[in-house]
Amino acid sequence: MLGGVAEILNLVHRGTASITPNVLKGVHKKLPFLKLKFTEFDDPAFPHLTDQLEFLADVVEDFAEGVEDDFPYTTVAASVFALLYAHRHLDLIPDAIPEAGLSDDSAVVRAVLMEHEKVFAAYAERHYMKWDAITVDP
């Protein structure tokens, strides 16, 4: 099983700190590919994960393209880290393990969504998205 919430938050904070503007630019260029890959996540244990990743990808895209240039950089960097983590082939729990493989990806995404909830909720409202539909649930 995954470590505790503190371990996940520590992982997210360390990962977020490693996101430079150049990493952000690279992820921005790969967003169409990443969005396509995330649609392949089909695990009933994590029904919201694809939508949550799509939301984070939209945040990164809007920031990188200047639509949301007032976004806190730490929120964008955390979003980038979550996208990169979810795309990694080698993570804490291999994605190929049925019913458990995406649990670490989901935990990282949820940690980012919860930690930056106020910023994300305001973004969702500005863009006429239903924040409750994105949710912080698995």
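Above this text you will find the structure in question.
Residues numbered from 1 in each chain as written. Predicted model: local features only at pLDDT ≥ 70, side-chain atom pairs only at ≥ 80, totals over all residues. Heavy atoms only, no water.

Novice: Looking at this structure, how should I read the packing of helix α2 (residues 21–38) against helix α4 (residues 73–87)?
Specialist: When two helices pack together, you describe them by how their axes are tilted relative to each other and by the distance separating the axes. One way to put it is that α2 packs onto α4 with a least axis distance of 10 Å and a crossing angle of 50°. In terms of orientation, α2 and α4 fall into the oblique class. The handedness of the crossing between α2 and α4 is left-handed. Across from Pro21, Val23, Leu24, Val27, Leu31, Phe33, Leu34, Lys37 and Phe38 in α2, the residues of α4 making contact are Tyr73, Val76, Val80, Leu83, Leu84, Ala86 and His87. Split into classes, the residues belonging to the contact of α2 with α4 amount to 14 nonpolar, one polar and one charged. (Axes fitted to C-alpha atoms, helices over the stretch in contact; angles between N-to-C directions. Helix = DSSP H or I, 4+ residues; strand = E, 2+ residues; numbered from the N terminus. Parallel < 35°, antiparallel > 145°, perpendicular 65-115°, else oblique. Left-handed = near helix turned anticlockwise from the far one by under 90°. Contact = heavy atoms within 4.5 Å. Nonpolar A, V, L, I, M, F, W, Y, C, P; charged D, E, K, R; others polar.)

Novice: Teacher, can you tell me more about the packing of aromatic side chains here?
Specialist: The relation between two aromatic rings is expressed through the spacing of the ring centres and the mutual angle of the planes. Taken as a whole, this structure holds eight aromatic pairs when the rule is applied. Each ring, one from Phe38 and one from Phe41, has its centre 5.6 Å from the other, and the planes form 50°; the classification is tilted. Residue class for Phe38 comes out buried when judged on its relative accessible area of 2%. For Phe41, a relative accessible area of 18% gives the class buried. Look at Phe81 and Tyr85: their rings are 6.0 Å apart centre to centre, the planes differ by 45°, and that puts the pair in the tilted class. Here Phe81 and its partner Tyr85 are both found in helix α4, four residues apart, which amounts to about one turn of the helix. Of the two residues, Phe81 and Tyr85, both sit in the buried class. (Phe/Tyr/Trp six-rings, centres within 6.5 Å; stacked < 30°, edge-to-face > 60°. Buried < 20%, exposed > 50% of the residue type's maximum accessible area, 1.4 Å probe, protein only.)

Novice: Mind showing me how you'd approach the nonpolar core here?
Specialist: Generally speaking, nonpolar side chains in soluble globular proteins are found buried as a group. Grouped together as the largest cluster of nonpolar side chains are 41 residues, with contacts concentrated most on Leu53, Phe55, Leu56, Leu83 and Phe120. Counting residues per element, this core draws most heavily on α4, which supplies nine residues. In contact with Leu56, other than residues within four places in its own chain, are Ser79, Ala82, Leu83, Val109, Val112, Leu113 and Phe120. (Core = buried A, V, L, I, M, F, W, Y, C linked by side-chain atoms within 4.5 Å.)

Novice: Please explain helix α6 (residues 117–126) as it appears in this structure.
Specialist: Because an α-helix completes one turn every 3.6 residues, residues spaced three or four positions apart along the sequence face the same direction. If you check which residues of α6 are buried, you get Phe120, Tyr123 and Ala124. When α6 is viewed along its axis, its buried side chains cluster within an angular range of 100° and face the same direction. Within α6, the exposed residues directed more than 90 degrees away from the buried face are Lys118 and Glu125. The inward-facing, buried residues of α6 abut α3 (49–64), α4, α5 (103–115) and α7 (131–134). Following α6 by one or two positions, Tyr128 adopts a phi angle in the positive range, close to 55°. (Arc of directions from axis to C-beta.)

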